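One-letter residues, chain by chain:
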Amino acid sequence: MPLSRLNPEQLQAAKAPFGHNLIIASAGTGKTSTIVGRIGYLLSQGVNPEEILLLTFTNKAAAEMVERVAGYFSRDVAKRIEAGTFHAVSYRWLKKLKRPIILKQPGELKTLFRSIYEKRQFHHIGAEAQPLSANFLHDVYSLYQNATLEDFSEWLPKRHEGQEPFIDIYLDIVREFEETKKEFGFVNFNDLLILMRDEAKRTKLPFKEVLIDEYQDTNELQGSLIDAMDPPSLFCVGDYDQSIYAFNGANIHIIGSFTKKFLDARVFTLTKNYRSTAPILSLANRVIEYNERIYPKQLEVVRQGSRQMPKLLIFDNLLQQYETIAQMIRRSTTPHPQIAVIFRNNASADGIEAMLREQNIPCKRKGGRSFFDAKEVKAALDIATLMANPKDMMAFIHIFEYAKGIGSATAKELFEGLVALGEGSMLQGIFRPKAMTNPFKARTTNYQLGLFDHPTQIGSVSRFAHLGFDEQFIAHPILKHPALNSDGVRFIHDFFKLAASLKQKKQPQAIVRSILSSTTYGYIIEQLAIKRATLKNGEVDELKKEEAMERIKRKGVLLIQLASAYNTLEKFINAMVLGGGELSEGEGVNLLTVHASKGLEFDEVYVIDLMDGRFPNRKLASQAGLIEEERRLFYVAVTRAKNLLYLSYAKYDSFKDITFFPSQFLYEAALLKKDQTYEKLKTLC
């Protein structure tokens, strides 16, 4: 039984009575063991595996916990436990209920949002402020869904002053966006939780207990889903000192108000730290105690042995900092996978990565752009998605945005035209279009909401006869769209050819191979390589273009390898959308943002760029929780270290001619003596 390996505190928590239980589990105190122990206790008390729901921050964490349960019981028992992230669990349940949904990656529907936004004009309003851009408005709306249950029209002006004149247009964009998603069955990760919440309100879910890991990072949307589930028993595990996702809507008050919300709540505190040495933990505690104490706790160090003091490294300039740390890592006897360089901002990774590679030290970055976020990977997956689901307008728009002269608004109209020509099927609209004079919807005009009609009339397909394509293609009604030019028609022709070839293939690997070798994909990656190799003066560096193309093609090889593990295209695409980010890990020294380091531990840790403005990041602190959030980020960073901890800062940036002050956290950690500089920094909070 997993209970036999728990210490007295963990055991008491794991055997808590059914009801509302909160476990404060600080860094390194064995929260995973406690959660696994709790599941074992539930099973021993006659709770069926199907009646247990485990919600985690990552699917990887859920898989690890379920695997440990399987080691104590059996795989059959463990696999019957419903476990995963809020989004993964919601997706599976909605699929079980046969809800017609097409899941899109985070941010993927931004293109659809932009196509709707672009139909609006704002200049007629005459406001002094500028309207939010399409991409930024989409991100603001996404944050709103996560962060509050308040009305959007009331919430947005509080966050962005001067936007009141545009509210009606914004609301209409959001309305059309939601209606279009509903029409085509599109959902993003927020929608999954909203739909699941609505389902939980209608139907009593079969769970006797819901266990929630990383409870401190729960946002309002997730909290409302838990409330809608209203399970007989809750087992929430978290640490308010590690709440670092305010930028994504996480609300520390959810964990902070647990005992007020549930008057019968029991709070258990795990105090024995098994990870870090006493000096490392002491430094972390000295800093975090500057934050308000929500639940009292005093950590005890369990480990014995080596107790090397954390070291402060001070450098004259940034480049010297990166060079020296790379040299220290080269001389270190710690295995590379057990070394981490942690930073507040992803920009800090470029310098240290360059210096490590100069020393021929392998390294991997996590917390920046992942393999699956690369535009070339997204483009290939969008084409594959269209073959699996021809109703996926979003994938179509994303592909056709690459064509010259075809923006997102025109791409949306082309898709709708093909669907009309195919009587509901885009593919049939390509291969067997019905005869129509005008397959395109007429736009309405509404000056109040910024909607304007298309300026030109439907064109004639004969205007493209000179391009030399066969008569059947030239006669296709879709070519009547007035915005099309010769470049756009060539792109459409190549896409039609690709669609015809893919129709004959079933295996995901064969489909991916065909996509990567197609003229359509070749054109897309050519544009991407040119963009990445374009210099500030507008010239294209051919060597950089060649290097960019090589990197793109390497990603294609990996995509083919990933596809080989699946026998249906739908399973391959779903796996890439739901869990792709966790497949892009490599080997070597770990270069991590603080957020990406969460939940990990390393023998040797370097926390770099500890200068005021960088860490703490004053700009982000003003947006996402003030200095307390930045202090929690520092706490998370230093508590990743098990044995060796190095903290570093540079005094000067010679490239930008900027002089830095040390981070105030170095003063709070007692690594620097408090002086007038510290007093000045405090006033900035």
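Remember, predicted model here, so these are calculated numbers, not experimental data.

**Observations regarding the packing of helix 17 (residues 375-388) against helix 25 (residues 542-563)**
Thought 1: Relative to each other, helix 17 and helix 25 sit at 45°, their axes nearing to 9 Å. Overall, the two elements helix 17 and helix 25 adopt an arrangement that is oblique. For helix 17 against helix 25, the interelement crossing comes out right-handed. Every residue of helix 25 that contacts helix 17 at E376, V377, A380 and L381 is listed here: I552, K555 and L559.

**Some remarks on the confidence of the model for the protein**
Thought 1: In the predicted model, the protein carries a mean pLDDT of 85, and 92% of its residues have values of at least 70.
Thought 2: Predicted confidence is poor over residues 579-585, with pLDDT under 50, and the contacts of this stretch with residues over four places away or in other chains come to 13 contacts.

**Focus on the sheet that holds strand 15 (residues 602-607)**
Thought 1: Taken together, the six strands give an open sheet; going across it, the order is 11-16-15-12-14-13, and neighbouring strands pair in parallel fashion. In this open sheet, the two edge strands, each paired with only one partner strand, are strand 11 (311-315) and strand 13 (363-366). Pairs of neighbouring strands in the sheet enclose a mean axial angle of 20°, with direction left out of account.
Thought 2: In the sheet, strand 15 pairs with strand 16 (residues 641-650) via five bridges, with the strands oriented parallel. Of the residues in strand 16, the one forming a bridge with E604 is L644.
Thought 3: Sitting on the sheet, helix 16 (residues 348-358) touches strand 12 (339-343), strand 13 and strand 14 (589-593), and the angle it makes with strand 13 is about 165°.

**Some words on the nonpolar core**
Thought 1: Counting residues in hydrophobic clusters, the biggest one holds 89 residues, and the most contacted among them are L112, L137, F152, F400, L414 and F572.
Thought 2: With residues up to four places along the chain from it excluded, the contact list for L414 reads F396, F400, I406, F440, I478, H481, L484 and I492.
Thought 3: Of all hydrophobic cores here, the second largest spans 64 residues; its members include F315, I325, A641 and A650.

**Some thoughts on helix 9 (residues 167-184)**
Thought 1: Taking 1.5 Å per residue as the helical rise, helix 9 with its 18 residues ought to reach 26 Å, and the 26 Å between its terminal C-alpha atoms agrees with that figure.
Thought 2: Of all the residues in helix 9, the buried ones are I167, I169, Y170, D172, I173, V174, E176, F177, T180, K181 and F184.
Thought 3: After helix 9 finishes, the residue G185 shows a positive phi value of roughly 75°.

**Describing the sheet that holds strand 1 (residues 20-25)**
Thought 1: Taken together, the six strands give an open sheet; going across it, the order is 3-2-6-7-1-8, and neighbouring strands pair in parallel fashion. Edge strands, defined here as strands with exactly one partner in the open sheet, are strand 3 (82-85) and strand 8 (266-270). Between one strand axis and the next, the sheet turns by 15° as a mean value, whatever way the strands run.
Thought 2: Sheet topology note: the strand 6 (residues 209-212)/strand 7 (residues 233-238) ladder contains four bridges and is parallel. Along strand 7, the bridge assignment pairs E209 with S233.
Thought 3: Sitting on the sheet, helix 2 (residues 31-44) is in contact with strand 1, strand 2 (52-56), strand 6, strand 7 and strand 8, with an inclination near 170° to strand 6.
Thought 4: Relative to the sheet, helix 5 (residues 86-96) contacts strand 2, strand 3 and strand 6, its axis offset from that of strand 3 by approximately 125°.

**Here's the deal with the environment of Q308**
Thought 1: Among the structural elements, Q308 can be located in the loop between strand 10 (300-301) and strand 11.
Thought 2: Accessibility expressed as a relative area gives 31% for Q308, which makes it partly exposed.
Thought 3: Residues Q308 and N643, spaced 335 residues apart in sequence, show a C-alpha to C-alpha distance of 7.2 Å.
Thought 4: If we skip the residues at most four places from it in the chain, Q308 touches P279, N643, L644 and Y646.

**As for helix 10 (residues 189-202)**
Thought 1: Here helix 10 is 14 residues long and its end C-alpha atoms lie 20 Å apart, about the 20 Å a rise of 1.5 Å per residue gives.
Thought 2: Within the sequence span of helix 10, burial applies to F189, N190, D191, L192, L193, M196, R197, E199 and A200.

**Details of the pattern of salt bridges**
Working definition: two side chains of opposite charge can pair if their charged atoms are close together.
Thought 1: Using the criterion set out here, one finds 37 salt bridges in the structure.
Thought 2: A salt bridge links E50 to R80; its shortest N-O distance comes to 2.7 Å. With E50 in the loop between helix 2 and strand 2 and R80 in the loop between helix 4 (75-79) and strand 3, the pair connects residues that are 30 residues apart, well separated along the chain.
Thought 3: For E50, a relative accessible area of 37% puts it in the partly exposed group.
Thought 4: Exposure remark for R80: the relative accessible area of 32% places this residue in the partly exposed category.
Thought 5: The network of salt bridges with shared partners includes K119, R120, D172, R175, E176 and E179.

Rules used in this analysis
- Residues numbered from 1 in each chain as written.
- Predicted model: local features only at pLDDT ≥ 70, side-chain atom pairs only at ≥ 80, totals over all residues.
- Heavy atoms only, no water.
- Axes fitted to C-alpha atoms, helices over the stretch in contact; angles between N-to-C directions.
- Helix = DSSP H or I, 4+ residues; strand = E, 2+ residues; numbered from the N terminus.
- Parallel < 35°, antiparallel > 145°, perpendicular 65-115°, else oblique.
- Left-handed = near helix turned anticlockwise from the far one by under 90°.
- Contact = heavy atoms within 4.5 Å.
- pLDDT = per-residue confidence, 0-100.
- Pairing = 2+ DSSP bridges.
- Core = buried A, V, L, I, M, F, W, Y, C linked by side-chain atoms within 4.5 Å.
- Buried < 20%, exposed > 50% of the residue type's maximum accessible area, 1.4 Å probe, protein only.
- Expected span 1.5 Å × (residues − 1).
- Salt bridge = Lys/Arg side-chain N within 4 Å of Asp/Glu carboxyl O.

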